[in-house]
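Analysis of the macromolecular model
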Amino acid sequence: MNLLSKLNKYLSVIEDNLIKISGISLFIVMILTSFQILSRVAGYPWPGYLELSELSIAIFAFLGVAYAQRLDTHIRMELLVGNISGKPKWLLELVSTILSLTVVVILIYFSLLFAIDAYIIGDTTYDYLYPTWPAKILVPIAFFIWALRLILEIFGFLRMTIYSDVEPIAIPIMKTPEELANEEIRAIKD
């Protein structure tokens, strides 16, 4: 197993755990929202619940971005990339991934400054004064994991650009509609 495969495996474990945390937190917020609605109807609303649920959005909104990148579920130019094959396809993927990494690094920088600023000034929610920096620090952390995924993809696409006949490692492989349908059929049968 080469270094790229090992790094992909380790990063995949981190991404899988983050998406589990994201899913569990979303489920908890959903259940608590249901209880909040029932308690409000009964005349006993939970103080500060709305602010806490707003702060929790950072968990399920951002922790899954690297996972989505790995599974190739982000919005892309499928029509363009899907009609190209061989080295030109891998080169186009390489260039677009480098551009994506540039954007993500900029987002990391400014979201980290934003979180640090919230910590330094003691930023809180309006009514119940919950600190906002824990939610804000999740954004650059999630983007950092995403940047690691993009770096792995850059090396994977570079490898495919140079050696287009090798097996792809650490890059998403676009599937045809037929392949996706067959996978869904197998999943239903299993």
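No experiment lies behind these values; they were computed from the predicted model shown.

Conventions we followed
- Residues numbered from 1 in each chain as written.
- Predicted model: local features only at pLDDT ≥ 70, side-chain atom pairs only at ≥ 80, totals over all residues.
- Heavy atoms only, no water.
- Helix = DSSP H or I, 4+ residues; strand = E, 2+ residues; numbered from the N terminus.
- Rg over C-alpha atoms; globule rule 2.2 N^0.38 Å.
- Buried < 20%, exposed > 50% of the residue type's maximum accessible area, 1.4 Å probe, protein only.
- Contact = heavy atoms within 4.5 Å.
- Areas by Shrake-Rupley, 256 points an atom, 1.4 Å probe, with all protein chains shown as cover.
- pLDDT = per-residue confidence, 0-100.
- Salt bridge = Lys/Arg side-chain N within 4 Å of Asp/Glu carboxyl O.
- Phe/Tyr/Trp six-rings, centres within 6.5 Å; stacked < 30°, edge-to-face > 60°.
- Core = buried A, V, L, I, M, F, W, Y, C linked by side-chain atoms within 4.5 Å.

Before going further, it helps to examine the overall build of the protein. Each helix and strand counted, the protein has seven helices and zero strands in total. Listed by position from the N terminus, the elements making up the protein come as α-α-α-α-α-α-α. Relative to the compact-globule value of 16 Å for 190 residues, the protein shows a C-alpha radius of gyration of 21 Å, a clear excess of over 25%. Overall, the C-alpha framework of the protein stretches about 65 × 45 × 35 Å when taken along its three principal axes. When the 190 residues of the protein are sorted by exposure, 34% land in the buried category. Taking the contacts inside the protein whose residues are at least 6 apart along the sequence as the reference set, 70% of them involve residues at least 24 apart. Entry remark: accessible area of the protein is about 12,400 Å², with carbon and sulfur atoms responsible for 71%.

Quick look at the confidence of the model for the protein now. Should the pLDDT be low somewhere, the predicted coordinates at that spot are not to be read in detail. Residue-level pLDDT values for the protein average 92, and 99% of them are 70 or greater. Across the protein, the element-wise mean pLDDT spans from 73 in helix H4 (residues 78-82) up to 97 in helix H6 (residues 133-162).

So, on to the pattern of salt bridges. Following the criterion strictly, the structure yields four salt bridges and no others. Of the charged contacts, one joins Glu15 and Arg70 as a salt bridge, the two residues approaching to 2.9 Å between their closest N and O atoms. Linking Glu15 in helix H1 (residues 3-41) with Arg70 in helix H3 (residues 65-70), this pair joins segments that are 55 residues apart in sequence. Each member of the pair, Glu15 as well as Arg70, carries the same accessibility label: buried.

On to the packing of aromatic side chains. In this structure the tally under the stated criterion is seven aromatic pairs. Each ring, one from Phe143 and one from Trp146, has its centre 5.8 Å from the other, and the planes form 45°; the classification is tilted. Placement of both Phe143 and Trp146 in helix H6 is noted, with a separation of three residues, approximately one turn of the helix. Per residue, the accessibility class of Phe143 equals that of Trp146, and both read buried. Every member of this aromatic cluster is reached through a ring pair, and the members are Phe62, Phe143 and Trp146.

A few words now on the nonpolar core. Counting 29 residues, the largest nonpolar core has Val104, Phe143 and Trp146 as the members making the most contacts within it. Mapped by element, the contributors of at least two residues to this core are H1, helix H2 (49-62), H3, helix H5 (87-121) and H6. Sorting elements by how many residues they give to this core places H6 first, with 13 residues. Leave out the neighbours within four places in its chain, and Phe143 touches Phe62, Val65, Val104, Leu107, Ile108 and Ser111.

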